[in-house]
Amino acid sequence: MKIAIYPGSFDPVTYGHLDIIKRSAALFDSLVIGVLSNSAKISLFSPDERVSMIRDLVKEIPNVSVRSYDGLLVNFADEVGASAIIRGLRAVTDFEYELQMAQTNKVENSNIETVFLTTDLHYSYLSSTVVREFASYGGDISAFVPPSVVPLVQEKYNKKRI
Ligand code: PNS
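In what follows, the accompanying structure is described. (Residues numbered from 1 in each chain as written. Predicted model: local features only at pLDDT ≥ 70, side-chain atom pairs only at ≥ 80, totals over all residues. Heavy atoms only, no water.)

**A closer look at the overall build of the protein**
Along its length, the protein carries 6 helices and 5 strands. Taking 2.2 N^0.38 as the reference for a compact globule, 162 residues should give roughly 15 Å; the C-alpha atoms of the protein span a radius of gyration of 16 Å, in line with that estimate. In terms of overall dimensions, the protein has C-alpha extents of about 50 × 35 × 30 Å along its principal axes. Buried residues in the protein amount to 44% of all 162 residues. (Helix = DSSP H or I, 4+ residues; strand = E, 2+ residues; numbered from the N terminus. Rg over C-alpha atoms; globule rule 2.2 N^0.38 Å. Buried < 20%, exposed > 50% of the residue type's maximum accessible area, 1.4 Å probe, protein only.)

**Section: the site of the ligand**
Around the ligand, 13 residues are found, and the nearest of them are S9, K41, Y69, L73 and R87. Between L73 and the ligand, the recorded distance is 2.8 Å, taken from a backbone N or O atom to an oxygen atom. Contact between the ligand and R87: an oxygen atom at 3.0 Å from a side-chain N or O atom of the residue. Protein burial of the ligand: of its 550 Å² of free accessible surface, 74% is covered by the chains. (Near = heavy atom within 4 Å. Polar contact = N/O pair within 3.5 Å; in protein donor to acceptor, adjacent residues only side chain to side chain. Areas by Shrake-Rupley, 256 points an atom, 1.4 Å probe, with all protein chains shown as cover.)

**Description of the pairing of strand 1 (residues 3–8)**
With 6 of its 6 residues buried, strand 1 lies for the most part within the structure. Neither face of strand 1 is open: one carries I3, I5 and P7, the other A4, Y6 and G8, and all of them are buried. Note that the unit made of strand 1, helix 1 (residues 15–25) and strand 2 (residues 30–36) has a crossover that is right-handed. Relative to strand 4 (residues 84–89), strand 1 is paired through 2 bridges, and the arrangement is parallel. By the bridge assignment, I5 is partnered in strand 4 with I85. (Right-handed = clockwise from strand over helix to strand, strands pointing away. Pairing = 2+ DSSP bridges.)

**Some remarks on the packing of aromatic side chains**
Each aromatic ring pair is described using two quantities: the centre-to-centre distance and the angle formed by the ring planes. For the structure shown, the criterion picks out 5 aromatic pairs. Taken together, a centroid distance of 6.2 Å and an interplanar angle of 25° make the contact between Y15 and Y123 stacked. Here Y15 is found in helix 1, whereas its partner Y123 is found in the loop between strand 5 (113–118) and helix 5 (128–136), with 108 residues between them in sequence. Relative to F144, the ring of F134 has its centre 5.3 Å away and its plane inclined at 80°; by these criteria the two rings are edge-to-face. Of this pair, F134 sits in helix 5 while F144 sits in the loop between helix 5 and helix 6 (150–161), and the two are 10 residues apart along the sequence. Of the residues examined, F144 reaches a relative accessible area of 10% and is grouped as buried. One aromatic cluster in this structure is built from Y125, F134 and F144. (Phe/Tyr/Trp six-rings, centres within 6.5 Å; stacked < 30°, edge-to-face > 60°.)

**Overview of the environment of M53**
With respect to the helices, strands and loops of the structure, M53 is situated in helix 2 (residues 47–58). When its relative accessible area of 5% is taken as the criterion, M53 is described as buried. It is 25 Å that separates the C-alpha atoms of M53 and E98, two residues lying 45 residues apart in sequence. Those residues within four positions of M53 in sequence are excluded, and the remaining contacts are P12, V13, F45, V149 and L152. (Contact = heavy atoms within 4.5 Å.)

Right, dumping it as structure tokens:
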């Protein structure tokens, strides 16, 4: 049984993430989406909120599950019995950070491979940061995130404005 993890912040999950999820679920027997819960970054959504919004979006994909993790990625991979870490590559600007992370993780645990999927052209510009930036100024984010996520993001910024 080939298990992969797809880790990230997913703050919030975007169409770009969903594309990577669907494509990697087709490549592996089981895909575990890992939401980093102890990131140094200040997040818009709590880990539980992010897990539940992703769960709702992947409920129709039978071999995909979602959970949060603390600490090192390689330890999370070990814990779920994964042999691969999936990362999406958008542009050359992603490459340096991703290469460093993949090589560091390989030194830490040589049994785990990092598998890069190139992002669909439609989503190569897209990031959670851009979504948050747009939403914070009241912009339309419906081209970036699924319909169920739009009001959740808007609600966060409406609360901040009050
Ligand atoms: O979506 P992101 O924020 O680019 O995802 C980065 C993430 C969460 C995958 C990565 O920062 C992570 O898993 N960090 C946990 C700590 C860790 O293992 N660091 C070593 C990587 S070199």
